[in-house]
Amino acid sequence: MAAPGSALVVERHARVYRRTWRGSVISTFLNPILYLLAMGLGLGSLVDDGGGSIQLDIPYLNFLAPGLLAAATMMTAAGESLYPVMAGMKWSKSYHDALATPISTRNLVAGHFGWVTVRILFTSVVFTGMMVAFGAIEIGTALLVIPPSVLGGLAFAGPVSAYAAQLENETGLAALFRFVITPLFLFSGTFYPIEVLPDWMEPIAFVTPLWHSVETTRAVALGIDTTWAPIFHYGVMVAFLLVGAVIADRFFHKRLVV
Amino acid sequence: MTEALVRATNLTKRFGDFTAVDSVDFTVQPGEVFGFLGPNGAGKSSTMKMIGAVSPVTEGELSVFGLDPATDGSAIRHRLGVVPQENLLDTELTVFENLFIYGRYFDLPKTLIRERIDELLDFAQLADRREDLVDPLSGGMKRRLTIARALINQPDLMLLDEPTTGLDPQARHALWDRLYRLKQQGVTLIITTHYMDEAEQLCDRLVIMDEGKIAAEGSPRALIDGYTTREVVELRFPVGHEVGESELDGLAKRVEVLPDRTLLYTDSAEQTLADLTERALDVESTIVRRATLEDVFLRLTGRSLVD
């Protein structure tokens, strides 16, 4: 079975990371601080004082933080599934290298998912730690928001790595961030409930994983109900994870086995 | 009789409409150094990738260690050492880390990998670069590291795709020396090359490939004896004084007129030179040499190996 080979691929990622972790670790710690400061406290002070059409009975910081957490795991998963995948296929060709050994393309895909899980788990733990430090969440609840945020991130690993696997050049990498990841970040309920958007925009949020991740993470954080029944939200994320894995497996095979 | 390590029958590889490898047959016996000699685009690398169980066979049969690459790819690759055309090294990592990570892909125990790395770094003459990053290493060093890495699982069969392309003469000789040692240790090697001197130096047996087909097969000596004469007289004429083949009639068994020189294939260079002097042709320079695989290739395909 594919399991040992996949674990060896995760081990390889970890060994490479041990040498290259500095840049990404700084952003893992710095991003939550910057966003929680600027949006949570800065913008939050205006929201909390003003009379918007939707009144919050909690500080804006507490509303916003779980949304930012869900978005952060998405960013990490997308980042890990774009440049490293392209590098493995085309630049350093580390995938080709691995395939000369007993490792299979399926091992590479499973190993990729394994490594992305490690990375977004780290992102999520650091982010929730910052939320506690900012007083946006209690420690006990903080532990509970980690699973939905990690699942939400993983929902992106398959589609994004499959997309990266078939790219011929790097312009497509920036395009995904510009036209997909950033709009999702802005319009999936991270900063405000999607009900305030024009009606035609709401369905877009329904079919993308981030909104479901924001919904479930926020519901757990604030102890409120999700918009839909939780099973639907979790179902969409699990579906993205599983279908994404199958598609990524196909695309990796198609690109690497010729 | 020993079982062949690699056996190919009507082996074919197509990419869409393009046929890269066109129904070739060959066998590789344990302990030998087997070569694919041919120009770029002859189908050598495609053949290697099929043997390496990374590229699916389009048609025909291929067995490696008696196994089918389509179903037992992982088991085959477990016993292979692969040196690809490009050095696919992790340039952000050290020499040691590159070897270690590769060894882990074979699921080897960590202590065993460390022992082997010490031996392999000595073999590759890289012991003093152990903790250095790969990026600043010279081309020859990277090549030796790639070969060392391919040996981490103590393979039964090594696949070397253009092992010395892009290296300076000194680095090439250093590398040939390492490959020669492997051969003496009984490792079976399959090499692709477009350098006839490399094929002559290293290979016990080789096939000459051109346009996806095998043009000839044999030991370097047998191919030279079978397809060309013992000696070659190379003539260069002054620019603008090209000499027609008719003027060279009877001087040699066979005459090849190339753009930059004319080759006379003869069993006795001495006799040919004497006859040449008698005809008083306007020759700028004359070189006598023994025939090589380059001459075999020219005879078989009408073209030079290296353009």
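Residues numbered from 1 in each chain as written. Chains lettered and ligands numbered in written order. Predicted model: local features only at pLDDT ≥ 70, side-chain atom pairs only at ≥ 80, totals over all residues.

Chemist: Which residues make up the overall build of chain B, and what are the values?
Modeler: When you go through chain B residue by residue, the secondary structure sums to ten helices and 13 strands. The principal-axis extents of the C-alpha atoms in chain B amount to approximately 75 × 45 × 40 Å. Going through the 307 residues of chain B one by one, you find that 44% of them count as buried. For chain B, long-range pairs separated by at least 24 residues make up 69% of all intrachain contacts whose partners lie at least 6 apart in sequence. (Helix = DSSP H or I, 4+ residues; strand = E, 2+ residues; numbered from the N terminus. Buried ≥ 20, exposed ≤ 12 C-beta atoms within 10 Å, placed from the backbone. Contact = placed C-beta atoms within 7 Å.)

Chemist: How would you explain the overall build of chain A if you had to name every residue and give the values?
Modeler: A count of helical and extended segments in chain A gives nine helices and zero strands. Projecting the C-alpha coordinates of chain A onto the three principal axes gives extents of approximately 65 × 40 × 35 Å. Restricting the contact set of chain A to residue pairs at least 6 apart, pairs at least 24 apart contribute 80%.

Chemist: Give me the lowdown on the confidence of the model for chain B, citing residues and values where you can.
Modeler: Averaged over all residues, the pLDDT of chain B is 93; the fraction at 70 or higher stands at 99%. Listed scores for the predicted complex are pTM 0.92 and ipTM 0.90. (pLDDT = per-residue confidence, 0-100.)

Chemist: Which residues make up the packing of helix α3 (residues 95-105) of chain B against helix α5 (residues 139-150) of chain B, and what are the values?
Modeler: Residue and element names in this part refer to chain B. Running from N to C, α3 and α5 point in directions that differ by 30°, and their axes come no closer than 9 Å. Here α3 lies roughly parallel to α5, going by the angle between them. Two packed elements cross with a definite hand, and for α3 against α5 that hand is right-handed. Of the residues in α5, those touching α3 at V95, N98, L99 and Y102 are L145, A148 and R149. (Axes fitted to C-alpha atoms, helices over the stretch in contact; angles between N-to-C directions. Parallel < 35°, antiparallel > 145°, perpendicular 65-115°, else oblique. Left-handed = near helix turned anticlockwise from the far one by under 90°.)

Chemist: Provide a residue-level description of the pairing of strand β13 (residues 285-290) of chain B, including the pertinent values.
Modeler: Residues and elements named next belong to chain B. Counting buried positions along β13 yields zero of six residues, so the element is predominantly exposed. As defined by bridge partners, strand β10 (residues 231-236) adjoins β13 across six bridges and the pair is classed as antiparallel. From the neighbouring strand, E234 faces β13, where its bridge partner is I287. (Pairing = 2+ DSSP bridges.)

Chemist: Tell me about the interface of chain B and chain A, and name the residues and values.
Modeler: Taken together, the contact pairs 20 residues of chain B with 22 residues of chain A. Those elements that place two or more of their residues in the side of chain B that touches chain A are α2 (69-78) and α3 of chain B. With five residues, the top contributor of residues to the side of chain B that touches chain A is α3(B). Each residue belonging to the side of chain B that touches chain A can be placed in one class, and the counts come to ten nonpolar, four polar and six charged. (Nonpolar A, V, L, I, M, F, W, Y, C, P; charged D, E, K, R; others polar.)

Chemist: Which residues make up unusual backbone geometry, and what values go with them?
Modeler: Residues and elements named next belong to chain B. Backbone geometry places F65, a non-glycine residue, at a positive phi of 55°. Relative to the elements of secondary structure, F65 occurs in the loop between β4 (59-64) and α2. With 18 C-beta atoms counted inside 10 Å, the residue F65 sits in the partly exposed group. Even without being glycine, A280 reaches a positive phi, approximately 50°. Structurally, A280 is set in the loop between α9 (269-279) and β13. Classification of A280 as exposed rests on a count of 7 C-beta atoms within 10 Å.

Chemist: Outline the environment of T272(B), listing residues and values.
Modeler: All names here are of chain B. Along the chain, T272 turns up in helix α9. Taking the C-alpha atoms as reference, T272 lies 23 Å from G302; in sequence the two are 30 residues apart. Look past the residues within four positions of T272 in its chain and what remains in contact with it is V233, L251, A252, L264 and T266.

Chemist: With reference to specific residues and values, describe the domain arrangement of chain B.
Modeler: According to the domain assignment, chain B contains domain 1 (6-219) and domain 2 (229-290). With centres defined by C-alpha atoms, the gap from domain 1 of chain B to domain 2 of chain B works out at 40 Å. (Domains from an automatic or database assignment.)

Chemist: Residue-level account of the packing of α3(B) against helix α4 (residues 110-123) of chain B, with values.
Modeler: All names here are of chain B. Relative to each other, α3 and α4 sit at 130°, their axes nearing to 10 Å. As the angle between them shows, α3 and α4 are arranged oblique. Where α3 crosses over α4, the two elements pack in a sense that is right-handed. Between α3 and α4, the residues in contact are F96, L99, F100, G103 and R104 and I113, R116, I117 and L120, respectively. In terms of residue class, the contact of α3 with α4 is made up of six nonpolar, one polar and two charged.

Chemist: Tell me what's going on with the sheet that holds β4(B), and back it up with residues and numbers.
Modeler: Residue and element names in this part refer to chain B. One open sheet accounts for three strands, arranged β2-β1-β4; its pairing is antiparallel. This sheet does not close on itself; its edge strands, each paired only once, are β2 (18-28) and β4. The sheet shows a mean angle of 25° between the axes of neighbouring strands, direction not considered. As paired elements, strand β1 (residues 6-15) and β2 share seven bridges and run antiparallel to each other. The residue of β2 that forms the bridge with L11 is V24.

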